[in-house]
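Report on the structure
Single-letter residue listing:
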Amino acid sequence: MLDELRRLLIDALHLDREPDELDPDTALFGTGLSLDSIDALELVVALEEALGRRLVARGEAVPAVLRTLNTLADRVLEER
Amino acid sequence: MSVADEVRCLRRTVALSDRSDIGLLRVRGAAAWDALDRLLPCELYLRDGEARPTLLLDDAGRVEADVTVLCEDEDLWLLVEGMPSDQVAELVRGSAEAGEEVVVDELDGSHTALGIDGPFAWALLGAWDAPGAMGLPYLSSYRPRPDVLALRSGHTGEYGYLLVAPADRAEVIGGELADAGSALEAGRASAEALSHCAVESWFFDASEPGTRLRTPLELQLQWRVSRRKEFRGSAALRAARATEPPRLTGLRGPTGLDACTPLLLAGARIGTVAVVREALDAPGTLGSAFLERRWAHSGLVLHTAAGTEVRTVSPPFLLNRSLFASPQRHTFADAATLPDPYP
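Below you will find a few notes about this structure.

Definitions and cut-offs
- Residues numbered from 1 in each chain as written.
- Chains lettered and ligands numbered in written order.
- Predicted model: local features only at pLDDT ≥ 70, side-chain atom pairs only at ≥ 80, totals over all residues.
- Heavy atoms only, no water.
- 1 Å grid on protein atoms, 1.4 Å probe; cavity = no way out; pocket = protein on both sides within 12 Å on 5 of 7 lines; lining within 4 Å.
- Points joined across faces, edges and corners; volume = space filled by probe spheres on them.
- Nonpolar A, V, L, I, M, F, W, Y, C, P; charged D, E, K, R; others polar.
- Contact = heavy atoms within 4.5 Å.
- Buried area = accessible area lost by both parts, 1.4 Å probe.
- Salt bridge = Lys/Arg side-chain N within 4 Å of Asp/Glu carboxyl O.
- Polar contact = N/O pair within 3.5 Å; in protein donor to acceptor, adjacent residues only side chain to side chain.
- Pairing = 2+ DSSP bridges.
- Helix = DSSP H or I, 4+ residues; strand = E, 2+ residues; numbered from the N terminus.
- Axes fitted to C-alpha atoms, helices over the stretch in contact; angles between N-to-C directions.

Re the layout of surface pockets
A water-sized probe rolled over the atoms picks out the places where empty space is left. Considering only enclosed or pocket space, the second largest pocket measures out at about 880 Å³ in volume. What lines the second largest pocket is a set of 26 residues, among which A:Arg17, A:Leu33, B:Tyr45, B:Arg52 and B:Trp223 lie closest to the centre. By residue class, the composition of the lining of the second largest pocket is eleven nonpolar, four polar and eleven charged.

Here we look at the interface of chain A and chain B
Every contact between the two is made by 23 residues of chain A and, on the other side, 23 residues of chain B. Of all residues in chain A, the largest losses of buried area upon contact with chain B belong to A:Asp23, A:Asp25 and A:Arg67, amounting jointly to 31% of the total for that side. At the surface where chain A touches chain B, the tally comes to three salt bridges. The shortest N-O distance in the salt bridge between B:Arg228 and A:Asp16 comes to 2.5 Å. Our count for the chain A to chain B interface comes out at twelve residue pairs in polar contact (both at pLDDT 80 or more).

Topic: the sheet that holds strand β8 (residues 141-145) of chain B
Residue and element names in this part refer to chain B. One open sheet holds the six strands; their spatial order is β8-β9-β10-β7-β1-β11, and the pairing between them is mixed. Pairing within the sheet leaves two strands with one partner each, and these edge strands are β8 and β11 (187-188). The sheet contact formed by strand β9 (residues 148-152) and strand β10 (residues 160-166) spans four bridges and is antiparallel. For Leu 149, the partnering residue across the bridge sits in β10 and is Val 164. Contacting β1 (15-18), β7 (111-117), β9, β10 and β11, helix α5 (residues 170-181) crosses the sheet at an angle of about 10 degrees to β7.

Structural data, given as structure tokens:
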């Protein structure tokens, strides 16, 4: 799951990082990878398309869900 | 006020802190950038007013200090935690090649830092007649006063600002900030409170003994390090990748769990508790452990030798109020409408 999410993150956002450089608890927003709100929307769209399910509920704050790769994986597993 | 009360105040409104523990250096000269580029592990491209968190590593690739490098005009500031400024200055000067002009100003005697952290930290700065703080992007700086540098940063997971001011003005500025914060129910945060917040929000804390002298691979700090350039410790890091070192992993345990406690999975030792704090959001403790890499994941149930159950979890450990507080949409009057991080 984490490896799949790393590849999705790198492909969707064109990150100049190798997959094993993306530590599972590194912050995606603010500090860490410093993604912005546009990155957040692109990421959510790419993830929901790839995984075939909604990950962020309507009105839910995206950074609150996509805090790290691990919290993202937790959300994907919850939705399964 | 107890540490727990200080943490609650910071998490719910805003807290002021004495950050004179942060080492302050300014690097100038025609070769300043080149010298720092050889020393620091991050890619060193910064716009005027932009900052970047990085590290200082030793030759074995282990973290010696937490560094924020900030560009202001032609100069580079270093804000350092975990290593005395004179040692950092020596490293910087030692990174200059023969004939290169590098001047290092050690500013600890002449300047000091003040911290402002919390979901309404921006409101306090605005009340201090520094409205430029309201829209300041993370890791950006500006001068609210000619002799005061304001950097938006912080290790608590909330809105955070560091003010670097002349040491002989610190008391006056601190008093002005306290006055500005009175309407915001501002409190004070000790070093212990800031450390607790760093643990809760999964920020690296150079003062934490349980994580001293580990590599960025073990500390999940690879984002602060370039894989493309050579720097002090880069060769050791490359070699360390092949060994699959242990990794720091979040955990929750019972009250009384201690650092350095071995952790077992099916009776076999797989790691050691590194950092632990009494949790404020639920009974028990929270913190981190270095686990064998193949087991360094959330969702595991481990045990101590005494049979106490410890669970690995995905940090951060709480939903920061700052995720919901917006300088553009809220005022302090909206505080009660925002989610409370503690029950």
